[in-house]
Amino acid sequence: MPQPINAESSDLATPDYFDRIAETDDRTRRIQASFHAQILAHHRRLIPENSRVLEWGCGKGDLLRALQPARGLGLDFSPGMIAHAQRRTQADQPVEWRVANIETQPIDEPFDHIVGNFLIGYLGDIQRALENLHSAAHPRTRLVITSLNHLWLWPLRAAQKVGWVSPQPASNWLTSDDLVNLLELSGWEIVTHGTRQLLPFNVPLLTPFL
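Our subject in this report is the structure included herewith.

Conventions we followed
- Every chain is numbered independently, its residues counted from 1 as its sequence is written.
- Thresholds applied to this predicted model are a pLDDT of at least 70 for local features of residues and 80 or more for the giving and counting of side-chain atom pairs; totals over whole chains, interfaces and linings are not thresholded and use all residues.
- Side-chain numbers here rest on the full set of heavy atoms in the structure, without hydrogens or water.
- Residues enter a nonpolar core if they are buried and are Ala, Val, Leu, Ile, Met, Phe, Trp, Tyr or Cys, with the set joined through side-chain atoms within 4.5 Å.
- For every residue, the accessible area obtained with a 1.4 Å probe (protein chains only) is divided by the maximum for its type, and the residue is called buried under 20%, exposed over 50%, and partly exposed between those limits.
- Note on conventions: DSSP H or I runs of at least 4 residues are helices, E runs of at least 2 residues are strands, and numbering of each starts at the N terminus.
- Every residue pair with non-hydrogen atoms within 4.5 Å of one another is taken to be in contact.
- Here is the rule: rings of Phe, Tyr and Trp (six-membered ring for Trp) pair when centre to centre is within 6.5 Å. Planes less than 30 degrees apart are stacked, more than 60 are edge-to-face, and the remainder are tilted.
- Both a distance and an angle decide whether a charge sits over a ring: NZ of Lys or CZ of Arg must be within 6 Å of the ring centre and within 35 degrees of the ring normal.
- The criterion for strand pairing is that DSSP finds at least two bridges linking the strands in question.
- Orient the strands so they point away from the viewer, and a crossover whose first-strand-to-second-strand path over the helix runs clockwise is right-handed.
- This arc is built from the directions going out from the helix axis to the C-beta atoms.
- For every element, the axis is a line fit to its C-alpha atoms; helices are fit only across the contacting stretch, and the angle between N-to-C directions ranges from 0 to 180 degrees.

1. Some details on the nonpolar core
- By size, the foremost hydrophobic cluster in this structure holds 22 residues, and its most contacted members are Leu54, Trp56 and Leu130.
- Going through the elements one at a time, strand 1 (52-56), strand 2 (71-76), strand 4 (111-117), helix 6 (126-132) and helix 8 (176-185) are the ones with two or more residues in this core.
- Discounting chain neighbours no more than four positions away, the residues touching Trp56 are Leu75, Ala100, Asn101, Ile102, Gln105, Ile107, Ile114, Val115, Gly116, Leu119 and Leu133.
- With 14 residues, the next largest nonpolar core counts Cys58, Leu64, Ala85 and Val95 among its residues.

2. Overview of the packing of aromatic side chains
- For the structure on display, the rule yields 4 aromatic pairs.
- Here the aromatic rings of Tyr17 and Phe18 are separated by 5.0 Å at their centres, their planes lie at 90 degrees, and the arrangement is edge-to-face. Accessibility classification places Tyr17 together with Phe18 in one group, the buried group.
- Judged by centre distance (5.8 Å) and plane angle (35 degrees), the rings of Phe35 and Phe118 are tilted. Placement of Phe35 in helix 3 (residues 33-46) and of Phe118 in the loop between strand 4 and helix 6 is noted, with a sequence separation of 83 residues between them.
- Residue Phe35 is classed as buried on the basis of its relative accessible area of 18%.
- Overall, Phe118 belongs to the partly exposed group, its relative accessible area being 22%.
- Aromatic ring contacts, followed pair by pair, group Tyr17, Phe18, Phe77 and Tyr122 into a single cluster.
- In this arrangement the basic side chain of Arg52 is found over the ring face of Phe111, its NZ or CZ atom lying 5.1 Å from the centre.

3. Examining the pairing of strand 4
- Most of strand 4 is tucked away: 6 of the 7 residues are buried.
- Across 6 bridges, the pairing between strand 4 and strand 5 (residues 137-146) is parallel. Along strand 5, the bridge assignment pairs His113 with Arg142.
- Crossover strand 4 to strand 5 through helix 6 is right-handed.

4. Considering helix 8
- Three or more residues of helix 8 are buried, namely Leu179, Val180, Leu182 and Leu183. Relative to the axis of helix 8, the buried residues are bounded by an arc of 165 degrees and lie together on one face. Away from the buried face of helix 8 by more than 90 degrees, exposed residues Asp177 and Leu185 are located.
- Looking at the buried side of helix 8, the elements it contacts are helix 6 and strand 5.
- Backbone geometry just downstream of helix 8 places Gly187 in the positive-phi region, at approximately 90 degrees.

5. So, the sheet that holds strand 5
- The sheet built from 5 strands is open, its strands ordered 3-2-1-4-5 with parallel pairing. A strand with exactly one partner marks an edge of an open sheet, and here the two such strands are strand 3 (95-99) and strand 5. On average, each strand axis in the sheet is tilted by 20 degrees relative to the strand beside it, whichever way the strands run.
- One ladder, built from 5 bridges, connects strand 1 with strand 2; its direction is parallel. Within strand 2, the residue paired with Leu54 across the bridge is Leu73.

6. A closer look at unusual backbone geometry
- Even without a glycine there, the phi angle at Asn50 is positive, about 65 degrees.
- Looking at Asn50, the relative accessible area reads 59%, which means it is exposed.

7. So, helix 5 (residues 79-88)
- Residues Gly80, Met81, Ile82, His84 and Ala85 constitute the buried set of helix 5.
- Buried residues along helix 5 sit in contact with helix 1 (15-24), helix 4 (62-66), strand 2 and strand 3.

Spelled out as structure tokens, the structure:
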């Protein structure tokens, strides 16, 4: 498995780190609006509305709420992120938020889809985390994982310097083969995988083409 690459910030991916990010990332999220819109469109193609959806590493919950699940459970090990998610959720939305750690706290409730959106690189024990997901799955559950390609390492570091991306903690940069191997070792069958989102900005004609 690749070794963690030190980010520009000396912080590690801890709850305290993400608590701080929860209070300071509104500006960068606005700058990244096109990127997140593409991520949402990708998940909507895979996850029908009114599904039962579990999201690990949910952050402030924007993705899970937008998927409009019949039952949504958002989990994050950052109390600060969960507090923001709870404040942003309307009383009639069927979404619940909890503080939990994917590596130590399996969820014993079945879901149709389990989402890990840019979570996998921040985990210390990726295989254990993937194994823990089985307790939240039934035979037709789909696991939807997104992660970053190695090619984005230096563009992201440059974007941090100009304030377009929040300072990033140290993380694992996995190849597609690494991730496929870890999933198979953890008892998950690979249905499909690929690369997409070459341009994280909304440029008419060019972005849909890419």
